[in-house]
Amino acid sequence: RNRNSINRSPFLKHSLSDGTLRRKLRAGQPMLGCVTGIHNDTDHVEVIGLLGYDFLWADAEHSTATPATIANQIMAAERRGLPTLVRIGYGYHNIIGHSQKYLVAGAQGIILP
């Protein structure tokens, strides 16, 4: 295989090791993300990644998403090198434990209301 064809693969390395999100945040660069509350399907998440967005905002507050369905979205986003931020609802007695479910699944950040 040609070495250049490997670099053009639509499957990118994990966005955490890439550090693009962190670099852009620290540099104060504007970023464009896309929010999704559609959790039963992950194909649209991969399309979002291919469209060049900087991050995915997975909404677990205003949807019926569970940590398991959000984990599937995170995996789909990572196949395209797209970092995922998860918005969780408030009112959880153990907000740290609830957030940890998404962080362990691969989310790069938590958005709190």
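Definitions and limits used
Residues numbered from 1 in each chain as written. Predicted model: local features only at pLDDT ≥ 70, side-chain atom pairs only at ≥ 80, totals over all residues. Heavy atoms only, no water. Helix = DSSP H or I, 4+ residues; strand = E, 2+ residues; numbered from the N terminus. Buried < 20%, exposed > 50% of the residue type's maximum accessible area, 1.4 Å probe, protein only. Areas by Shrake-Rupley, 256 points an atom, 1.4 Å probe, with all protein chains shown as cover. Salt bridge = Lys/Arg side-chain N within 4 Å of Asp/Glu carboxyl O. Pairing = 2+ DSSP bridges. Axes fitted to C-alpha atoms, helices over the stretch in contact; angles between N-to-C directions. Patch = residues over 30% accessible without salt bridge, like charges linked within 9 Å, V, L, I, M, F, W, Y side chains within 5 Å. Right-handed = clockwise from strand over helix to strand, strands pointing away.

Asks: How should I be thinking about the overall build of the protein chain in this particular structure?
Replies: Counting its secondary structure elements, the protein chain contains six helices and four strands. Going from the N terminus to the C terminus, the protein chain shows its helices and strands as α-α-α-β-α-β-α-β-α-β. Within the protein chain, the proportion of its 113 residues that are buried is 37%. Taken as a whole, the protein chain presents about 7,100 Å² of accessible surface, with 55% of it coming from carbon and sulfur.

Asks: Quick question: what am I supposed to make of the pattern of salt bridges here?
Replies: Side chains that carry opposite charge are capable of pairing whenever their charged atoms lie near each other. With the rule as written, the count across this model stands at four salt bridges. With a shortest N-O distance of 2.6 Å, Lys24 and Asp54 are connected by a salt bridge. Of this pair, Lys24 sits in helix α3 (residues 20–27) while Asp54 sits in the loop between α4 (43–50) and β2 (55–59), and the two are 30 residues apart along the sequence.

Asks: Explanation requested: the sheet that holds strand β3 (residues 84–87) in the structure shown.
Replies: Taken in spatial order, the four strands make up an open sheet running β1-β2-β3-β4, and their pairing is parallel. Of all the strands in the sheet, just β1 (33–36) and β4 (109–111) have a single pairing partner and so form its edges. Averaged over neighbouring strand pairs, the angle between their axes works out to 25 degrees when direction is ignored. Strand direction decides the pairing type here: β1 and β2, joined by four bridges, are parallel. Considered in β2, the bridge of Gly33 is made with Phe55.

Asks: For this particular structure, what's the right way to read a nonpolar patch on the surface?
Replies: The grouping of Ile95, Ile96 and Leu112 at the surface amounts to a nonpolar patch, some 290 Å² of accessible area in total. Residue placement: Ile96 occurs in helix α6 (residues 95–105). Classification of Ile96 by relative accessible area gives exposed; the value is 65%.

Asks: What should I look at first to understand the pairing of β1 in this one?
Replies: Regular strands show a simple pattern: their side chains alternate between the two faces of the sheet. Here β1 shows a buried face lined by Cys34 and Thr36 and an unburied face lined by Gly33 and Val35. Since β1 and β2 lie parallel, the crossover through α4 that links them has a hand, and here it is right-handed.

Asks: What's the story with the pairing of β3 in this structure? I'm lost.
Replies: Covered by surrounding structure in β3 are Thr84 and Val86 together with Leu85 and Arg87, the residues of both alternating faces. Sheet topology places β2 next to β3; four bridges connect them, and they run parallel. Bridge pairing links Leu56 to Thr84 in β3. With helix α5 (residues 67–79) bridging β2 and its parallel neighbour β3, the resulting β-α-β unit is right-handed. Note that β3 and β4 share three bridges and pair parallel. Note that in β4 the partner of Arg87 across the bridge is Ile111.

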